[in-house]
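# Overview (structure and organization)
Spelled out from the first residue to the last, the chains are:
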Amino acid sequence: MNGFEKRRQQKKKQILESLTDMVMTRNFKEIGVREIAQHAGVSPGSIYNFFGNKEELAKEVFYHQMEEEGKDFIQMMNSDLPFEEKMNKMYEVSVNNQESITSEGMKNFIFTDPAFKAYVEQYANTVAIPEIMKLIEQGKAEGKVTGGVSAEAIMIFMNGIITMLGNPSITENLTVDLRKELGNLFLYGVLGKKE
């Protein structure tokens, strides 16, 4: 990679990181391109050159965050940790994620956008569900999970959540505490009760 390409990638990264910081606590609709550019230390034109528009930039932010968290999730799931420790770590990550995004920040998720919704569904079906199924199998092997939850049931449940989040009247009212409850319901409803 030559110097020009390195500088270009660095600018793009600065823009993504700046908007990531901003949308965790503020409503995306209230953040202007000039403010994003100023926060990133780039010109507003750079945002249009890299992303086309503010909405596409927002999608890239969420895709990037999902991929980064996905890497950590897969690494933890494929570690030698016992089932219960993985469950505790998943619960901690879920709580931390919910606490790091305010109710205003949650409104930034664009679940109604067909491309975004398709991306989330594809991620769930190719990354999250297979890893959770491996965790269930590990829990069964360690005698910590009895009975069975089928992959089909988990897929229906996760797709139901994605559909629900596409309803603005629901996302408008998702407080941090309510999102934590939903995370707890999913983790321990699917994988067993929290001790």
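Structural notes, computed from the coordinates. (Residues numbered from 1 in each chain as written. Predicted model: local features only at pLDDT ≥ 70, side-chain atom pairs only at ≥ 80, totals over all residues. Heavy atoms only, no water.)

## Quick notes on the overall build of the chain
When you go through the chain residue by residue, the secondary structure sums to ten helices and zero strands. Along the chain, from the amino end to the carboxyl end, the secondary structure elements read α-α-α-α-α-α-α-α-α-α. Across the 195 residues that make up the chain, the buried fraction comes to 37%. Long-range pairs, those at least 24 residues apart, make up 70% of the contacts in the chain between residues at least 6 apart in sequence. Accessible area for the chain stands at about 11,100 Å²; split by element, carbon and sulfur atoms hold 52% of it. (Helix = DSSP H or I, 4+ residues; strand = E, 2+ residues; numbered from the N terminus. Buried < 20%, exposed > 50% of the residue type's maximum accessible area, 1.4 Å probe, protein only. Contact = heavy atoms within 4.5 Å. Areas by Shrake-Rupley, 256 points an atom, 1.4 Å probe, with all protein chains shown as cover.)

## Here's the deal with the packing of aromatic side chains
All told, the structure shown has four aromatic pairs when counted by the stated rule. Relative to F116, the ring of F62 lies with its centre 5.9 Å away and its plane at 70°, an arrangement referred to as edge-to-face. Placement of F62 in helix α4 (residues 54-77) and of F116 in helix α7 (residues 114-141) is noted, with a sequence separation of 54 residues between them. With a relative accessible area of 1%, F116 lands in the buried category. Of the aromatic side chains, those joined through ring pairs into one cluster are F62, Y63, F116 and Y119. (Phe/Tyr/Trp six-rings, centres within 6.5 Å; stacked < 30°, edge-to-face > 60°.)

Distances and angles like these do not, on their own, reveal function.
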